[in-house]
Amino acid sequence: MRKLFLLLGLFPATMSLAQKKPSQKKISETITETDLRTHLYIIAGEEMEGRETATEGQRKAAAYIENHFKSIGLLPGNKGSYQQSFPVYRDSLVSTSLQVNGRNFELNNQFQPVLRGASPASYYFSEIVFVGHGISEGQHNDYEGLDVKGKAVLMLEGAPKNFTSEKKGFQSPSSMNNKYAVASKMGAAAVLVLGNDFPRKPMMALGNMYVNLFAPAHSPAFFTVSKEVCAAIMGADWESVSEAAKSTAVPAKTYQANTLLDLKKDILFLESTNVMGYVEGSDKKDEWLVVTSHYDHLGKRNGVIWYGADDDGSGTVGVLEMAEAFAKAKAAGAGPRRNILFMTVSGEEKGLWGSRYYSDNPTVPIEKTTANLNIDMIGRVDTERLLPDTLNYVYVVGDDKLSTELKPLSEGVNKKFGKMTLDYKFNDPNDRNRIYFRSDHYNFARKGVPVIFYYDGMLQADYHKPTDTPDKINYTLLKKRAQLIFHTAWEMANRDQMMKRDLEIPTMTR
């Protein structure tokens, strides 16, 4: 009898060993609407305060993601740590003043400094070079024949009516950022730009965050000034020049004006983090697939939380669910051949900071990274797609670049598992929206790593607004998109060879 009981006791274990490994489709079904919703109501909840980079809300979100990675058995992705920190800086205004020929002007009513525009210093100039609109583009060059190295330049905002350019927004030669960049390139020590909206609301004591504190050369001082300041510098010329400048370019001229620009500020040393964990591969554990999203958003402004449920809470919870699905597959004996690094980055909304830091300081070899699948907004529907039969879609960017194997793999997986419309509307690098260059996949692409970017579109009523909340998410569509990306990752992680790198890296041409 005792031998019989022993045999019976071993029987369940024998049956267990004989069970088949779970199928790819079965594993994908562990990505559920319920889990996605649960994660998102936390990630995009009030406690996270909009997850702005280098804030307490971002740190809380990072802790939540790290704890999830630990709980499902992912290994730490950064030399024993689940987080990779990078430095962030922020200026705090102490005091500032502007004086022309002994006359003091009033902060906010007649001038404002741009904190990131200069090192703390007092600047004394005996003359100011007026450079018209400060535009240098094609045949229009307001700096022609000028040497402004070490000097202060004064320019008008905008452009004359007869100036045209195909570049728009931040790319426009008439944008304040580009004007400042041109003046800096020309070697100016200080830049004064007319602002037609004075008096202004009091400027915030804290400036914008940045990551490039250490630089080969310092930027010029940067002040926006009122018409009163311009008149004090240009004297009797001001009225006629400003009127003529509305319709055409006006000539440069140097004005004698004893001008003091003073700025005192403190620099706050902060940090933010990327959160990463990985599922270990089997026979190809020296190779990697990287799956990313950004978990930061716009934070809290004037007491109002910008929740960022779709941007990019949806991508973040998609990564959390995919990571759990692959962890379950490995536990059931069906793990991937290659390692899969799941990484949520921060600083995307500030300028792709986290992914740039990672790509310059990778925790796994870039040359051994087969591909990057990046997800930024997969929970909503583009408002251009109003008919029900157009909703089963996802925008795909980058699959025909860097590797000739990407697109066939992506479309083959979709045909077999997703059966969604893969929309290539934003795939052209020269598309005016520049989507190829605007999310974290680009920092992998610029290093030569093949990328696919998944996206639902910006034409939404709540994009970059406080109303981007979890209740607005289409969880059925979020699940379907996440499962499609899971299947794509499965194929990439288990194929015999790494993705070919046989196409050139795209660059922005205009």
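The structure we're discussing is the one just above.
Residues numbered from 1 in each chain as written. Predicted model: local features only at pLDDT ≥ 70, side-chain atom pairs only at ≥ 80, totals over all residues. Heavy atoms only, no water.

*Asks:* Could you give me a rundown of the packing of helix H6 (residues 227-234) against helix H7 (residues 237-244), with the residues and numbers involved?
*Replies:* At a minimum axis distance of 8 Å, the contact between H6 and H7 shows a crossing angle of 120°. Our classification of the angle between H6 and H7 gives oblique. Residue-level inspection shows Lys227, Cys230, Ala231 and Met234 of H6 in contact with H7, the latter providing Asp237, Trp238 and Val241. Taken together, the residues that form the contact of H6 with H7 break down as five nonpolar, no polar and two charged. (Axes fitted to C-alpha atoms, helices over the stretch in contact; angles between N-to-C directions. Helix = DSSP H or I, 4+ residues; strand = E, 2+ residues; numbered from the N terminus. Parallel < 35°, antiparallel > 145°, perpendicular 65-115°, else oblique. Contact = heavy atoms within 4.5 Å. Nonpolar A, V, L, I, M, F, W, Y, C, P; charged D, E, K, R; others polar.)

*Asks:* Tell me about the pattern of salt bridges, and please be specific about residues and values.
*Replies:* One pass over the full model with this rule turns up 24 salt bridges. In this structure, the salt-bridge partner of Lys70 is Glu66, at a minimum N-O distance of 3.0 Å. Placement of both Lys70 and Glu66 in helix H4 (residues 56-71) is noted, with a separation of four residues, approximately one turn of the helix. A relative accessible area of 16% means that Glu66 is categorised as buried. (Salt bridge = Lys/Arg side-chain N within 4 Å of Asp/Glu carboxyl O. Buried < 20%, exposed > 50% of the residue type's maximum accessible area, 1.4 Å probe, protein only.)

*Asks:* Explain the packing of helix H3 (residues 33-43) against helix H13 (residues 475-494) to me, using residue names and the numbers behind them.
*Replies:* Between two packed helices, what matters for the description is the angle formed by their axes and the separation of those axes. In the contact formed by H3 and H13, the axes pass within 9 Å of each other and the chain directions differ by 105°. Taken together, H3 and H13 sit at an angle that is classed as roughly perpendicular. Between H3 and H13, the contacting residues are Glu33, Leu36, Arg37, Leu40 and Tyr41 on the first element and Tyr475, Thr476, Leu478 and Lys479 on the second. Of the residues belonging to the contact of H3 with H13, the class tally is five nonpolar, one polar and three charged.

*Asks:* Quick one: what's the story with the environment of Gly347, residue by residue and with numbers?
*Replies:* In this structure, Gly347 sits in the loop between strand S16 (338-345) and helix H9 (348-351). Exposure remark for Gly347: the relative accessible area of 0% places this residue in the buried category. Between the alpha carbons of Gly347 and Leu263 there is a distance of 27 Å; along the sequence they are 84 residues apart. Setting aside anything within four residues of it in sequence, one finds Gly347 in contact with Thr53, Asp296, Leu352, Trp353 and Gly354.

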